[in-house]
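A structural walkthrough
Here is what each chain is made of, one letter per residue.
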Amino acid sequence: METFLPITYLNDFVFCPYSIYLHQVFDNNSEDLYSAKPQLQGKIAHKDIDEFDEDTEPTKETTLKGIYVISMKLGIYGKIDTYYTKEKKLVESKYQITTIYRGYYYQLWSQYFALIEMGYPIHALYFYSIRDEKYFDVPIPSEKEYNELRTHIRHIAWFDFDTFTQTNLKKCMHCIYASLCDKTQQDHVYT
Ligand code: SF4
């Protein structure tokens, strides 16, 4: 059986590789147990996108929201936020964007390459900051970005979680797993 990485891991791994391991451990439990305030706000903001129903919102019939995509070539799968079929535009929404981290690009590039592989043409890419209603234009990724993405995915697949140590305690302070994590004594700031 083939194994595929969730696209969300690509960003989580950039924040902290160990968060992926903890996500797997707690994945089968209620998210209320470990989701902290900012993450919940983001999830609520995403709820509209995930629960979009074409039948009840006919004015949005030219958009695809929250659909699953998969790339056999890259070995990744996940959901997109919004694909505009007429404009051939792909948008990844986040609750609030103050910095565009590399992990954000990996997520969007993955969605892009998966959609292309599935036969959807894409002419424009954007990040959208929900809270302040801002769009950020993203260049269409080239072969260079594809190779960077593939290297990142392989790095995750072969990562040694046992020997990992987190030296940036600021990350732990803002990590939803801090109270459950065996790699730090740091509590997060959301309690
Ligand atoms: S608490 Fe720290 S070490 Fe543990 S997953 Fe979060 S950021 Fe990583």
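The structure presented is a predicted model; accordingly, all values stated were derived computationally and were not measured.

1. Description of unusual backbone geometry
Backbone geometry at Lys-88 places phi at a positive 55°, although glycine is not the residue there. Counting through the fold element by element, Lys-88 comes out in the loop between strand E5 (82-84) and strand E6 (89-94). With relative accessibility at 24%, the residue Lys-88 sits in the partly exposed group. Phi at Glu-133 is positive, roughly 55°, even though this residue is not glycine. Assignment of secondary structure puts Glu-133 in the loop between strand E7 (124-129) and strand E8 (134-138). Using a relative accessible area of 60% as the deciding quantity, one classes Glu-133 as exposed.

2. Remarks on the sheet that holds E6
A sheet is described by the order of its strands in space; here five strands give the open sequence E2-E5-E6-E7-E8, paired in mixed fashion. Because the sheet does not close on itself, it has two edges, and the strands there are strand E2 (63-65) and E8. Neighbouring strand axes in the sheet, compared pairwise and without regard to direction, differ in orientation by 25° on average. Here E6 runs beside E7; their pairing, made up of six bridges, is parallel. Along E7, the bridge assignment pairs Val-91 with Tyr-126.

3. A few points about the site of the ligand
Around the ligand sit Cys-16, Tyr-18, Ser-19, Leu-22, Gln-166, Cys-172, Cys-175, Ala-178, Cys-181, Lys-183 and Thr-184, and those are all the residues in its vicinity. Of all the cavities here, the one that holds the ligand is the largest cavity. Among the elements that take part in the shell around the ligand, helix H2 (residues 17-26) stands out by supplying three residues, more than any other. Here the residues of the shell around the ligand are counted per class, giving seven nonpolar, three polar and one charged.

4. So, the pattern of salt bridges
Under the counting rule described, the total for this entry stands at three salt bridges. Its salt-bridge partner being Glu-92, residue Lys-94 comes within 3.2 Å of it at the nearest N-O pair. For the pair shown, Lys-94 and Glu-92 are each scored as buried. Put simply, Arg-102 and Glu-148 hold a salt bridge, and the shortest N to O gap is 2.9 Å. Placement of Arg-102 in helix H4 (residues 102-117) and of Glu-148 in helix H5 (residues 143-157) is noted, with a sequence separation of 46 residues between them.

Calculation rules
- Residue positions within a chain follow its written sequence, with the count starting from 1.
- Confidence filtering applies because this is a predicted model: local features only for residues at pLDDT of at least 70, side-chain atom pairs given and counted only at 80 or more, and all residues used for totals across whole chains, interfaces and linings.
- Side-chain descriptors were evaluated using all non-hydrogen atoms of the structure, hydrogens and water having been removed beforehand.
- By definition, any uninterrupted DSSP run of H or I lasting at least four residues is a helix, any uninterrupted run of E lasting at least two residues is a strand, and each is numbered from the N terminus.
- Think of it in three bands: residues with accessible area under 20% of the maximum for their type are buried, residues over 50% are exposed, and the middle band is partly exposed, with areas taken using a 1.4 Å probe on protein chains only.
- Two strands pair if DSSP finds at least two bridges between them.
- Orientation is described by lines fitted to C-alpha atoms, with helices fitted over the stretch in contact, and by angles between N-to-C directions that extend from 0 to 180 degrees.
- Near, as used in this document, describes a residue that has one of its heavy atoms within 4 Å of the molecule or strand being considered.
- Only protein atoms enter the 1 Å grid used here, on which a cavity is any set of points holding a 1.4 Å probe that cannot leave and a pocket is any open set flanked by protein within 12 Å on both sides along at least five of seven lines; residues with an atom within 4 Å of a point are listed as lining.
- Molecules are considered to sit inside a cavity or pocket once more than half of their atoms lie within 2 Å of its grid points.
- When residues are sorted by character, Ala, Val, Leu, Ile, Met, Phe, Trp, Tyr, Cys and Pro go into the nonpolar class, Asp, Glu, Lys and Arg into the charged class, and all the rest, Gly among them, into the polar class.
- By definition here, a salt bridge exists when the distance from a side-chain nitrogen of Lys or Arg to a carboxyl oxygen of Asp or Glu is within 4 Å.

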